[in-house]
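Chain by chain, the residues run as shown.
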Amino acid sequence: MKIWLKKHHLLIITCIGIQFLLIPAFANSNSSFINSFWNTLGYGDYNVLTDWSEAGKVEFSILDFAGFLYIKNDYESIYLGVRVLDEIDNLTWRINFDVDADGGWAEDAKALTLRNQIFSYDDEYYLQNNPEAFSDAQQDDFTASMRTFTSVNRENTIFELKIPLQTNDHLHDLQVQNPETTIIGISMDVELDDSGINGTWKGSSYPDYANASNYVNILFAGPQDRKIPVFEEEEEPPPEETTELEEETTSTGYGYPPGMERGAATSFEAWIVLISIAFVTILGSKKRRRDIK
């Protein structure tokens with residue numbers, strides 16, 4: 001019996017050791033998330049950043065451009081604010097969507113073009129494994145605008161978009177039936193007209209910027225997730241210009257989903273322990289019954 005107990009304990013320790021070796025592979029996923037918040041202030045109030053004080057926010061850096069991406073939604077639309085901490089011109093700024101969040105390839109894109117301070121926008125789409133963005137022949141279903149303003153004695157440019165969660169273009173546009181149960185991927189890329197230089201935030205490098213393996217995943221909000229606006233944008237210092245974002249959760253709302261910090265690893269660990277104990281206990285019971293007979 002003592003020999004059996006030693007084997008019993010040794011097996012449990014071995015199972016626990018194996019699970020600690022496996023957990024980092026699950027915990028160190030490249031997936032990262034940004035929280036959207038519920039739209040309560042509406043859209044189109046050009047009073048500095050009043051509209052976006054209630055939105056989810058994440059820092060970005062592309063080429064020499066640093067800024068913030070703002071995201072909020074309701075049951076009909078997703079609202080995006082792309083704030084660049086500088087005056088910009090003569091470029092195409094594209095927002096790419098991995099509609100099915102499969103990490104394979106983006107399906108939808110919104111191109112924002114600024115040439116000689118004349119702003120235009122276009123709905124685009126991708127074909128699988130083709131890096132070229134094609135203009136959608138159907139009428140644009142989203143709206144976009146561009147404006148400049150001064151904050152903390154620094155010039156800012158912001159693109160503001162309102163994109164419907166569902167359209168009649170089922171092949172190329174977002175099709176989010178229930179935002180509270182849907183996740184989509186997002187990235188941005190920039191191409192400078194004058195030099196032809198380009199860069200990508202969270203997508204692959206050119207020409208494969210539509211490769212969605214590194215996209216940030218948007219967690220849509222429900223009415224219960226609305227954020228209480230805090231109008232402190234004027235006191236906000238500009239972020240440091242970095243090429244990559246830290247994966248830890250920050251005050252910008254960037255990190256793991258709510259309540260899911262390393263949640264997958266924790267759940268996996270618990271199941272391994274329970275299964276190991278149950279397996280060893282069953283074997284022990286059978287061994288004892290055979291010994292009694």
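Residues numbered from 1 in each chain as written. Predicted model: local features only at pLDDT ≥ 70, side-chain atom pairs only at ≥ 80, totals over all residues. Heavy atoms only, no water.

Peer 1: Can you help me understand the packing of aromatic side chains in this one?
Peer 2: Two aromatic rings, taken as a pair, are described by how far apart their centres are and by the angle between their planes. Taken as a whole and assessed by the stated rule, the structure comprises 15 aromatic pairs. Between tyrosine 43 and tyrosine 79 the ring centres are 5.6 Å apart and the planes differ by 45 degrees, which places this aromatic pair in the tilted class. Taken together, the positions of tyrosine 43 in the loop between strand E2 (37-38) and strand E3 (56-62) and tyrosine 79 in strand E5 (residues 77-84) put the pair 36 residues apart, joining distant regions of the chain. Judged by centre distance (6.1 Å) and plane angle (70 degrees), the ring pair of tyrosine 126 and tyrosine 209 falls under edge-to-face. Here tyrosine 209 lies in the loop between strand E13 (198-201) and strand E14 (216-219) and tyrosine 126 lies in the loop between strand E8 (118-125) and strand E9 (134-135), a separation of 83 residues in the sequence. Through a chain of ring-to-ring contacts, three or more aromatic side chains come together here, namely Phe60, Phe65, Trp93, Phe119, Tyr121, Phe142, Phe159 and Trp201. (Phe/Tyr/Trp six-rings, centres within 6.5 Å; stacked < 30°, edge-to-face > 60°. Helix = DSSP H or I, 4+ residues; strand = E, 2+ residues; numbered from the N terminus.)

Peer 1: Just to check I follow, could you spell out the side chain of glutamate 107 for this structure?
Peer 2: Relative to the elements of secondary structure, glutamate 107 occurs in the loop between strand E6 (91-98) and strand E7 (108-115). The buried charged residue glutamate 107 lacks any salt bridge partner; its closest oppositely charged side chain belongs to lysine 110, at an N-O distance of 11 Å. Of the polar contacts made by the side chain of glutamate 107, one reaches the backbone nitrogen of valine 99; its length is 2.7 Å. Glutamate 107 has contacts with Phe97, Asp98, Val99, Asp100, Tyr125, Tyr126 and His172, leaving out every residue within four places of it along the chain. (Buried < 20%, exposed > 50% of the residue type's maximum accessible area, 1.4 Å probe, protein only. Lys, Arg positive; Asp, Glu negative; His and termini not counted. Salt bridge = Lys/Arg side-chain N within 4 Å of Asp/Glu carboxyl O. Polar contact = N/O pair within 3.5 Å; in protein donor to acceptor, adjacent residues only side chain to side chain. Contact = heavy atoms within 4.5 Å.)

Peer 1: Sorry if this is basic, but what is going on with the environment of aspartate 100 here?
Peer 2: Counting through the fold element by element, aspartate 100 comes out in the loop between E6 and E7. Residue classification places aspartate 100 among the partly exposed residues on the basis of a relative accessible area of 46%. Note: C-alpha distance between aspartate 100 and glutamine 175 (75 residues apart in sequence) is 9.0 Å.

Peer 1: What should I look at first to understand the pattern of salt bridges in this one?
Peer 2: What the rule picks out here adds up to eight salt bridges. The closest approach of N and O atoms between arginine 94 and aspartate 189, which form a salt bridge, is 2.9 Å. Taken together, the residues span a long stretch of sequence, with arginine 94 in strand E6 and aspartate 189 in strand E12 (residues 183-192) at a distance of 95 residues. Note on arginine 94: relative accessible area 9%, which makes it buried. Each of Asp108, Lys110, Asp123 and Asp173 takes part in a single network of salt bridges with overlapping partners.

Peer 1: Which parts of the structure should I look at to understand unusual backbone geometry?
Peer 2: Note: most residues except glycine have negative phi, and most peptide bonds are trans. Cis peptide bonds are those with omega within 30 degrees of zero, and the linkage from tyrosine 206 to proline 207 qualifies with 5 degrees. In this fold, proline 207 is placed in the loop between E13 and E14. Non-glycine residue glutamine 117 carries a positive phi angle of around 65 degrees. Secondary-structure assignment places glutamine 117 in the loop between E7 and E8.

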